[in-house]
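Here's the letter readout for the chains.
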Amino acid sequence: VFALHVDNRPTHAVIDEPMLAGAGAGDCGFLRFTPPPTAPPPVEIAFHATHPDNHAFFSFRIVRGPHTVTGTHVTGQEVAAAAAGPYAGDGSGNFNAAFTVAALLEGCPEAAFAEVLNVYAKATNGWHRLERYDRSAVRAFALTPE
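Now for a quick tour of the structure. Keep in mind that this is a model prediction, so the values were computed, not measured.

### Topic: the overall build of the protein chain
Regarding its fold elements, the protein chain presents one helix and 13 strands. Each helix and strand of the protein chain, placed in order from N terminus to C terminus, yields the pattern β-β-β-β-β-β-β-β-β-β-β-α-β-β. Reported as C-alpha extents along the three principal axes, the dimensions of the protein chain are approximately 70 × 25 × 25 Å. Intrachain contacts of the protein chain at a sequence separation of at least 6 include 66% that bridge at least 24 residues. For the protein chain, the accessible area works out to roughly 8000 Å², and carbon and sulfur atoms hold 56% of it. Put simply, the protein chain has 9 plus and 14 minus side-chain charges, and the middle of one group is 7 Å from the middle of the other.

What follows is the structure in structure tokens.
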């Protein structure tokens, strides 16, 4: 006799609107910053990689052009984690971090970005992980001087 737990509920993947100084990127996807010598406030990034019972793991990254932005990529992280790389978690799959404009631009005067979130269910049929319960989300934004 053994106990068997069946959980065929899907995961959820949501990326919040990036914010800069309390203003969001909006439908057009632009965050405008004051160029140096004034130091702009950080860009706030938040996402939700969830499963009803935390039976999932996730990956998240921010891509600028063809490259992943240094220090933004995490993979194989538990949705119930208190932290995943630079992202603080609440134990229920809600994560956030703040990045400086300079860290995101990495030398570019302005740039376009994609935030990519993949949430993977831990459900299996005994031989293979069941991908039909996975979810993903993508959100784009651009940083440009005022």
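Moving on from the model shown.
### Let's talk about the packing of aromatic side chains
Applying the stated criterion across every chain, the model contains nine aromatic pairs. Ring geometry for F113 versus F141: centroids 4.9 Å apart, planes at 15°, classification stacked. With F113 in strand β12 (residues 111-121) and F141 in strand β13 (residues 135-145), the pair connects residues that are 28 residues apart, well separated along the chain. As far as the burial class goes, F113 and F141 line up, both buried. Of the aromatic side chains, those joined through ring pairs into one cluster are F47, F58, F60, Y87, F95 and F99.

### Examining the environment of A46
For A46, the position within the fold is in strand β5 (residues 43-50). When sequence neighbours within four positions are dropped, the list of residues in contact with A46 reads I15, D16, F95 and N96.

### Some details on the nonpolar core
In this structure, F58, F60, I62, Y87, F113, L117 and L143 are the most contacted members of the largest nonpolar core, which totals 33 residues. Looking at this core, the elements with two or more residues in it are β1 (12-15), β4 (30-33), β5, β6 (56-64), β11 (94-99), α1 (101-105), β12 and β13. Sequence-distant contacts of Y87, defined by excluding residues within four places in its chain, comprise F47, F60, I62, T72, V74, F95, N96, A97 and F99.

### A word on the pattern of salt bridges
Applying the stated criterion across every chain yields a total of four salt bridges. Across the pair E78 and K122 runs a salt bridge whose closest N-O atoms are separated by 2.7 Å. Pair noted here: E78 is in strand β8 (residues 74-78) and K122 is in the loop between β12 and β13, with a separation of 44 residues, a long-range link. The class of E78 is partly exposed, set by a relative accessible area of 35%. For K122, a relative accessible area of 39% translates into the label partly exposed.

### Points about the pairing of β1
A one-sided burial pattern is seen for β1, the buried positions being A13 and I15 and the unburied ones H12 and V14. Taken together, the four bridges between β1 and β5 define a ladder with antiparallel strand orientation. Across the sheet, A13 pairs through a bridge with A49, a residue of β5.

### Considering the side chain of E115
Here E115 lies in strand β12. Despite its burial, E115 pairs with no opposite charge; the closest candidate is R139, at 5.1 Å N-O. Once residues within four sequence positions are removed from consideration, E115 is found in contact with I15, D16, P18, I45, F60, R61, I62, A137, V138, R139 and F141.

What counts as what
- Residues numbered from 1 in each chain as written.
- Predicted model: local features only at pLDDT ≥ 70, side-chain atom pairs only at ≥ 80, totals over all residues.
- Heavy atoms only, no water.
- Helix = DSSP H or I, 4+ residues; strand = E, 2+ residues; numbered from the N terminus.
- Contact = heavy atoms within 4.5 Å.
- Areas by Shrake-Rupley, 256 points an atom, 1.4 Å probe, with all protein chains shown as cover.
- Lys, Arg positive; Asp, Glu negative; His and termini not counted.
- Charge placed at Lys NZ, Arg CZ, Asp CG, Glu CD.
- Phe/Tyr/Trp six-rings, centres within 6.5 Å; stacked < 30°, edge-to-face > 60°.
- Buried < 20%, exposed > 50% of the residue type's maximum accessible area, 1.4 Å probe, protein only.
- Core = buried A, V, L, I, M, F, W, Y, C linked by side-chain atoms within 4.5 Å.
- Salt bridge = Lys/Arg side-chain N within 4 Å of Asp/Glu carboxyl O.
- Pairing = 2+ DSSP bridges.

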